[in-house]
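Survey of secondary and tertiary structure
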Amino acid sequence: MKSPAGLLRQAADGTGLTDALRQRQAVESLAVAVGENARLAELLEDQVAELERSLVPVLEADQRARQR
Amino acid sequence: MTERVYLHVGTPKSGTTYLQRVLDQNRERLAAAGVLVVGQRHVDRVHAALVLREDPRVSTLSARQAQSWQRLVAQIRAWDGPSAVLSYELFSAATREQAERALADLAGLDVHVVITARDFGKMVPSAWQERLKFGLTTPLGQWRPAREKAGPRREWGWRTMDPASVAERWGASLAPDHVHVVTVPRERRDPDELWDRFAAACDLTSTSDDLNLGVGLVNESLGVTAAELLRRVNERIGPPIEGSREQAKWLRDTLAHGVLARLGSEPIQINDRQLDDAQRQANRSVQRVDEAGYDVRGDLDDLAPSRGAGRSPEDVTDAELLDTALDTIVQLLLLVRERSQRGAPADDADVPGGRLRRAARATAQRTSAPYLRHRAAASERRIAELEEIVAADRALHLRVAALQDVVTELLLPLGDRDAEITGRALRRYHRDSV
């Protein structure tokens, strides 16, 4: 005798429901990974912007030296 | 900041799949060299071309897909390297007004149009095959590509396959040296020659040495027997396999690409009338390209039509057709078996309780359908959000890579530094960071 869950699974077989649920889980676990990445990127972005700003005077001096 | 854009707009069946694979496969390396491969996925470019061409199929696209052209333009404008390459062959079907609109959307950028083209004789059976994948029943001997004057919906005619026709619509407002006609080498002595010519037109030659040109060949061409078999299948097939979406799924993807393309590769030969027709078209085309003064990469002699090796589909015997049909049945059976094992239910009509089970399943299908539609739409939205976040991360990675380049330059003695790298960085830092 099959359990109610087993019968439900059997009825859902071939309807695309199980695929949709699997896809939803895959998208959500991808979302978690992308979210973690994005949080790390925020910190990195601030550091990159600061480095870029600090390079501006150096690059301007480089250009002036080149022009001379 | 993007300065130059190369729009590779056609022609179909001129090595475009190969070139797009090289571009996509080397996306990261090209980005590091400042070149954007426009469109995250091939399908983005397909949708963008439909939108630009105001194709009626746009009404079947989602709201996000219907914005594909605008998203590609935004991607080009947001790029912080010097150039971008957008490649999709069916932009070739655009009218002059549609092409002008595309160029207006890219106003302020130095736009170049690139058109690849090949032997006019070989285009005829290629175009016929493409039409077979969408239900054509006309034998090759009686078929000819649509005339140049045919409307923009005719994707497989001289209007899209003749480089002069495409160049005149896309290059009408451009200087001739901004319209590049790249010919497909007649002899494939050097496997990279087509790429080398395309790279020269798109100013990618200096980065070519770092690229991986070894893309796997996907054979979507049919041999002569398989093509004739498909034509005869088309004579018998009808509803529900009708309309371009159904035909694309079952005739093109499942039968032609999934099965028939693997069953023989004997080339298809055209007849005298078709050769004469191709010759006239090629002569006019070469003259128009020549007179317009477009930049030609390769040799216009490559466009001269050849009859091709192989046989005409009319010469295929019934025995050969039967043999290929039997192989096709075997391959289709294996495909059905594989797909049913992947999740679709087996037919359980003969097992005890089978009828009850089928009824339960039909009810489950009816009740779950609205939920599935809702889920599919929600997944599409979620994936779009995630794609945007990933795109932002990708931009940051490129920014870090550029920063490394700048620091490396500054460690060199002044005379050895690349002024372009430091100058570009300074302009961008002023714009974005300061």
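For the structure, check the block above.
A brief report on the enclosed structure follows. (Residues numbered from 1 in each chain as written. Chains lettered and ligands numbered in written order. Predicted model: local features only at pLDDT ≥ 70, side-chain atom pairs only at ≥ 80, totals over all residues.)

1. Topic: the interface of chain B and chain A
Of the residues lining the interface, 34 residues belong to chain B; the matching set on chain A comes to 34 residues. Residue assignment for the side of chain B that touches chain A shows that the elements contributing at least two residues are α15 (354–411) and α16 (419–432) of chain B. With 20 residues, α15(B) is the single largest residue contributor to the side of chain B that touches chain A. Here the side of chain B that touches chain A is composed, by residue class, of 20 nonpolar, eight polar and six charged. (Contact = placed C-beta atoms within 7 Å. Helix = DSSP H or I, 4+ residues; strand = E, 2+ residues; numbered from the N terminus. Nonpolar A, V, L, I, M, F, W, Y, C, P; charged D, E, K, R; others polar.)

2. Some points on the pairing of strand β5 (residues 179–183) of chain B
All names here are of chain B. Of all the five residues making up β5, five are buried; the element is thus mostly covered by neighbouring parts of the structure. What you see with β5 is no split at all: Val 179, Val 181 and Thr 183 on one side and His 180 and Val 182 on the other are buried throughout. Direction of pairing for strand β4 (residues 110–117) relative to β5: parallel, over a ladder of five bridges. Within β5, the residue paired with Ala 117 across the bridge is Thr 183. Sheet topology note: the β5/strand β6 (residues 295–297) ladder contains three bridges and is parallel. Bridging across to β6, Val 181 finds its partner in Val 296. (Buried ≥ 20, exposed ≤ 12 C-beta atoms within 10 Å, placed from the backbone. Pairing = 2+ DSSP bridges.)

3. Some words on the sheet that holds strand β1 (residues 4–10) of chain B
Residue and element names in this part refer to chain B. What the six strands build is an open sheet, ordered β2-β3-β1-β4-β5-β6; its pairing is parallel. Two strands close off the open sheet at either side, each with one partner strand: β2 (35–37) and β6. Recorded for the sheet is a direction-independent mean angle of 20 degrees between the axes of neighbouring strands. Against the sheet, helix α1 (residues 16–25) touches β2, β3 (83–87) and β4, its axis set at about 140 degrees to β3. Sitting on the sheet, helix α8 (residues 163–170) is in contact with β1, β4 and β5, with an inclination near 165 degrees to β4. (Axes fitted to C-alpha atoms, helices over the stretch in contact; angles between N-to-C directions.)

4. Quick look at the nonpolar core
Judged by nonpolar contacts, the single largest core of 82 residues is most densely connected at B:Leu7, B:Val85, B:Ile115, B:Ala167 and B:Leu230. For this core, the element with the most residues is helix α6 (residues 120–132) of chain B, which contributes six residues. Leaving out residues up to four positions away in the same chain, B:Leu7 has contacts with B:Leu86, B:Phe91, B:Val111, B:Val113 and B:Val114. In terms of nonpolar packing, the next biggest core, distinct from the first, is built from seven residues, A:Leu55, B:Ala402, B:Leu426 and B:Tyr429 among them. (Core = buried A, V, L, I, M, F, W, Y, C linked by C-beta atoms within 7 Å.)

5. Overview of unusual backbone geometry
All names here are of chain B. Residues Gly 10 and Thr 11 are joined by a peptide bond in cis, for which omega reads 0 degrees. Within the element layout of this structure, Thr 11 appears in the loop between β1 and α1. Here the bond from Pro 239 into Pro 240 is cis, since omega is 5 degrees, no more than 30 degrees from zero. Within the secondary structure layout, Pro 240 lies in the loop between α11 (224–236) and α12 (243–257).

6. Overview of the packing of helix α2 (residues 17–67) of chain A against α16(B)
In a packed pair of helices, the relevant descriptors are the angle between the two axes and the axis-to-axis distance. It is at 9 Å that the axes of α2(A) and α16(B) come closest, and there the two elements cross at 135 degrees. Classified by the interaxial angle, the pair formed by α2(A) and α16(B) is oblique. Two packed elements cross with a definite hand, and for α2(A) against α16(B) that hand is left-handed. Between α2(A) and α16(B), the residues in contact are A:Glu52, A:Arg53, A:Leu55, A:Val56, A:Leu59, A:Glu60, A:Asp62, A:Gln63 and A:Arg66 and B:Ala419, B:Thr422, B:Gly423, B:Ala425, B:Leu426, B:Tyr429 and B:His430, respectively. Split into classes, the residues belonging to the contact of α2(A) with α16(B) amount to seven nonpolar, four polar and five charged. (Parallel < 35°, antiparallel > 145°, perpendicular 65-115°, else oblique. Left-handed = near helix turned anticlockwise from the far one by under 90°.)

7. Observations concerning α1(B)
Residues and elements named next belong to chain B. Along α1, the residues classified as buried are Thr 16, Leu 19, Gln 20, Val 22 and Leu 23. Each buried residue of α1 lies within a common arc of 155 degrees when the element is viewed along its axis, so the set occupies one face. Contact partners of the buried residues in α1: β2, α3 (42–52), β3, β4 and α9 (193–201). (Arc of directions from axis to C-beta.)

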